[in-house]
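What follows is each chain in one-letter form.
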Amino acid sequence: MALAPPLRGIVEIAGPERAPFSELVTRYLKAVGDPREVVGDPEARYFGGRVEERSLVPLGEARLGRIGFDEWLRRSRVAQ
């Protein structure tokens, strides 16, 4: 629990690319050699709330990372 508001406001961060969550999971499973198929469900809820296309992305200015998801997977221990 935060005890005070942010000292310097809110800084949003994000990766350099946008993709549906089901696509990221598919790419992860492929990287680790998992053959399961991912099926997205547009009606699925996240903690009771509907997740729209722009729900989990910054809406204003954000600090963007420079490493894309596939490069991150290659560099991580997950894909080894």
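Report on the accompanying structure.

What counts, and at which threshold
- Every chain is numbered on its own, with residues counted from 1 as its sequence reads.
- A pLDDT threshold of at least 70 governs which residues receive local features in this predicted model, and a stricter bar of 80 or more applies before side-chain atom pairs are shown or counted, although totals over entire chains, interfaces and linings include all residues.
- With hydrogens and water stripped out, all remaining heavy atoms of the structure feed into the side-chain values.
- A run of DSSP states H or I qualifies as a helix once it reaches four residues; a run of E qualifies as a strand once it reaches two. Both are numbered from the N-terminal end.
- Burial classes follow relative accessibility: with a 1.4 Å probe on protein chains only, a residue under 20% of its type's maximum area counts as buried, one over 50% as exposed, and anything between as partly exposed.
- Note on contacts: a residue pair is in contact if any heavy atoms of the two residues lie within 4.5 Å.
- Think of it this way: a Phe, Tyr or Trp ring, Trp meaning its six-membered ring, pairs with another when their centres are within 6.5 Å, and the plane angle makes it stacked under 30 degrees, edge-to-face over 60, tilted otherwise.

**Things to note about the overall build of the protein**
Helices and strands together make up the secondary structure of the protein, namely two helices and four strands. Secondary structure elements of the protein, listed N to C terminal, follow the sequence β-α-β-β-β-α. Over its C-alpha atoms, taken along the principal directions, the protein stretches across nearly 45 × 35 × 25 Å. When burial is assessed residue by residue, the protein has 9% of its 80 residues classed as buried.

**Some words on the environment of Arg18**
By secondary structure assignment, the location of Arg18 is in the loop between β1 (13-14) and α1 (21-31). The exposure class of Arg18 is exposed, given its relative accessible area of 55%. Not counting residues within four places of it along the chain, the set of residues in contact with Arg18 comprises Arg54, Val57 and Pro58.

**Quick look at the packing of aromatic side chains**
Applying the stated criterion to the full structure yields two aromatic pairs. On the numbers, 4.9 Å between centres and 90 degrees between planes, the contact of Tyr46 with Phe47 is edge-to-face. As far as the burial class goes, Tyr46 and Phe47 line up, both exposed. Ring centres of Phe69 and Trp72 lie 5.9 Å apart, and the angle between their planes is 25 degrees; this geometry places the pair in the stacked category. Of the two residues, Phe69 and Trp72 are both situated in helix α2 (residues 69-75); the distance of three residues between them amounts to about one turn of the helix. Its relative accessible area of 19% is what places Phe69 among the buried residues.

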